[in-house]
Amino acid sequence: MADAPTVGLLGGGVIGGGWAARFLLGGADVRLYDPDPQAERKLTEILTNARAAWSSLYDAPLPPEGSWTIVGTVAEAVAEVDFVQESAPERLELKQSLLAEADAAAAADVVIGSSTSGLLPTRLAARMTHPERLVVGHPFNPVYLLPLVEVCPGERTADWAVERAKTVYASFGMRPLHVRKEIDGFVADRLLEAIWREALWLVNDGVATVEEVDDAIRFGAGLRWSFMGTFQTYRIAGGEGGMRHFMAQFGPALQWPWTKLMDVPEMTDDLLDRIAQQSDDQVGDIGVRDLERLRDTCLVAVMQGLRSVPYAAGEVVSDYEQQLRAAR
Ligand SMILES: NC(=O)c1ccc[n+]([C@@H]2O[C@H](COP(=O)([O-])OP(=O)(O)OC[C@H]3O[C@@H](n4cnc5c(N)ncnc54)[C@H](O)[C@@H]3O)[C@@H](O)[C@H]2O)c1
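First things first, this report covers the structure right here in the doc. (Residues numbered from 1 in each chain as written. Predicted model: local features only at pLDDT ≥ 70, side-chain atom pairs only at ≥ 80, totals over all residues. Heavy atoms only, no water.)

**Thoughts on the site of the ligand**
At step 1: Of all residues adjacent to the ligand, which total 21 residues, the nearest are Ile15, Asp34, Glu90, Lys95 and Ser117.
At step 2: The contact in question runs from an oxygen atom of the ligand to an N or O atom on the side chain of Asp34, over 2.6 Å.
At step 3: Between an oxygen atom of the ligand and a side-chain N or O atom of Lys95, the distance comes to 2.7 Å.
At step 4: Considering the ligand on its own, with 830 Å² of exposed area, one finds that the protein chains cover 73% of that surface. (Near = heavy atom within 4 Å. Polar contact = N/O pair within 3.5 Å; in protein donor to acceptor, adjacent residues only side chain to side chain. Areas by Shrake-Rupley, 256 points an atom, 1.4 Å probe, with all protein chains shown as cover.)

Written as structure tokens, this is what we have:
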């Protein structure tokens, strides 16, 4: 990319490291602030996996990788950059003070995105002098491969900030989804939490092990979700009668006790031990980086398959490849 921006990152863990990889591989320079003394090692490891994934995913010339620096203060990370992405721990107080500090140091027209999974942008911006430039930019792990980023403005966010954030994310191969209504958990985490809650109940009640829950997803609905989501899938399930027929047939089932509704199981030590033990049994002694590589290899395979259609995430990959070719 000829005119890739310099990006300031606050937090370089699972998500911040993933953002760093996406921006760097997309040609941007990155300045990262993270108080963790292990930040450099972690980012190096994430980058190694991300490079391998990108080089097998994209069939287009990748831009020269950007350079990265780990800096010692928030101000150093955000001064003189074109875009800021905050990925610190999910604690409101911590994020509010970090965002206020970044706000004081970044040029007033620089947009600040927060990776929060579900905190409201209006609350996140409470201590900022320029709340108009704060948007939620909620990504999905691994950030360097999954295209979705939910962009949600707060009450005082300006339209220009939303548009600029969407443009920046899209220019790095992502698919922004504008969440118009500010709401806890946004769209995707509300859906994911519903499944997570039911999964915990199934393990808690001894109905299924963690592996059986995963199998129930990955050999069935999970495959469909990856390209059609839920509404399109159910429309097809309604056959020639479409959505109305589907609703007539399965609508009444919503009144039956198929789910635990909003109830959540209490996270007792016993339940936690059971989940952790079953998860260890499921995965064996494969380390996290190896698991990440397996996940990335599968994601690349799915996205390449979808690119050959091209459809859904495959279309995003194809569009980004065209963008990369045009930038040569
Ligand atoms: N893990 C996910 O799947 C996921 C997905 C989407 C969004 N998110 C969101 O991304 C954010 C980060 O989550 P994560 O999973 O990367 O957590 P993480 O624990 O892996 O990383 C958090 C990082 O922030 C650093 N940090 C702590 N205090 C800081 C400070 N004051 N300033 C800057 N950095 C600081 C930590 O050292 C750590 O490296 C959270 O808001 C989370 O809700 C997480």
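**What about the sheet that holds strand β6 (residues 134–138)?**
At step 1: Strand order in this open sheet of 8 strands is β3-β2-β1-β4-β5-β6-β7-β8, and the pairing throughout is mixed. Two strands bound the open sheet, and with one partner strand each, they are β3 (68–71) and β8 (175–178). Put simply, the sheet's adjacent strands are angled 25° from each other on average, direction ignored.
At step 2: Bridging between strand β4 (residues 83–86) and strand β5 (residues 111–114) involves 4 bridges; their strand directions are parallel. Across the sheet, residue Gln85 finds its bridge partner in β5, namely Gly113.
At step 3: Sitting on the sheet, helix α2 (residues 39–57) is in contact with β2 (29–33) and β3, with an inclination near 155° to β3. (Pairing = 2+ DSSP bridges. Helix = DSSP H or I, 4+ residues; strand = E, 2+ residues; numbered from the N terminus. Axes fitted to C-alpha atoms, helices over the stretch in contact; angles between N-to-C directions. Contact = heavy atoms within 4.5 Å.)

**Some details on the packing of helix α7 (residues 188–204) against helix α11 (residues 269–283)**
At step 1: Packing of α7 against α11 brings their axes to within 10 Å, and their N-to-C directions diverge by 95°. Looking at the two axes, α7 sits roughly perpendicular to α11. On α11, the residues that touch Leu200, Val203 and Asn204 of α7 are Leu271, Arg274, Ile275 and Gln278.
At step 2: Among the residues forming the contact of α7 with α11, the class breakdown is 4 nonpolar, 2 polar and 1 charged. (Parallel < 35°, antiparallel > 145°, perpendicular 65-115°, else oblique. Nonpolar A, V, L, I, M, F, W, Y, C, P; charged D, E, K, R; others polar.)

**Let's talk about the nonpolar core**
At step 1: Counting residues in each nonpolar core, the largest one holds 42 residues, and the members touching the most others are Leu9, Trp19, Phe23, Phe83, Tyr144, Leu145 and Tyr169.
At step 2: Of all the secondary-structure elements, those providing two or more residues to this core are β1 (6–10), α1 (14–25), β2, α2, β7 (148–153), α6 (159–171), α12 (288–307) and α13 (313–326).
At step 3: One finds Val78, Ala125, Met128 and Cys152 within the second-largest nonpolar core, a separate group that totals 22 residues. (Core = buried A, V, L, I, M, F, W, Y, C linked by side-chain atoms within 4.5 Å. Buried < 20%, exposed > 50% of the residue type's maximum accessible area, 1.4 Å probe, protein only.)

**Section: the packing of aromatic side chains**
At step 1: Taken as a whole and judged by the stated rule, the model has 10 aromatic pairs.
At step 2: A ring pair is formed by Trp54 and Tyr58, whose centres lie 4.9 Å apart and whose planes are at 75°; its orientation type is edge-to-face.
At step 3: Look at Tyr58 and you get buried, because its relative accessible area is 8%.
At step 4: Ring plane angle 40° and centroid distance 4.9 Å describe the contact between Phe246 and Phe250, whose orientation is recorded as tilted. Here Phe246 pairs with Phe250, and both are found in helix α10 (residues 242–250), just 4 residues apart, close to one helical turn.
At step 5: Residue Phe250 is classed as partly exposed on the basis of its relative accessible area of 36%.
At step 6: By way of ring pairs, the aromatic residues Trp19, Phe23, Phe83, Tyr169 and Phe172 are connected into one cluster. (Phe/Tyr/Trp six-rings, centres within 6.5 Å; stacked < 30°, edge-to-face > 60°.)

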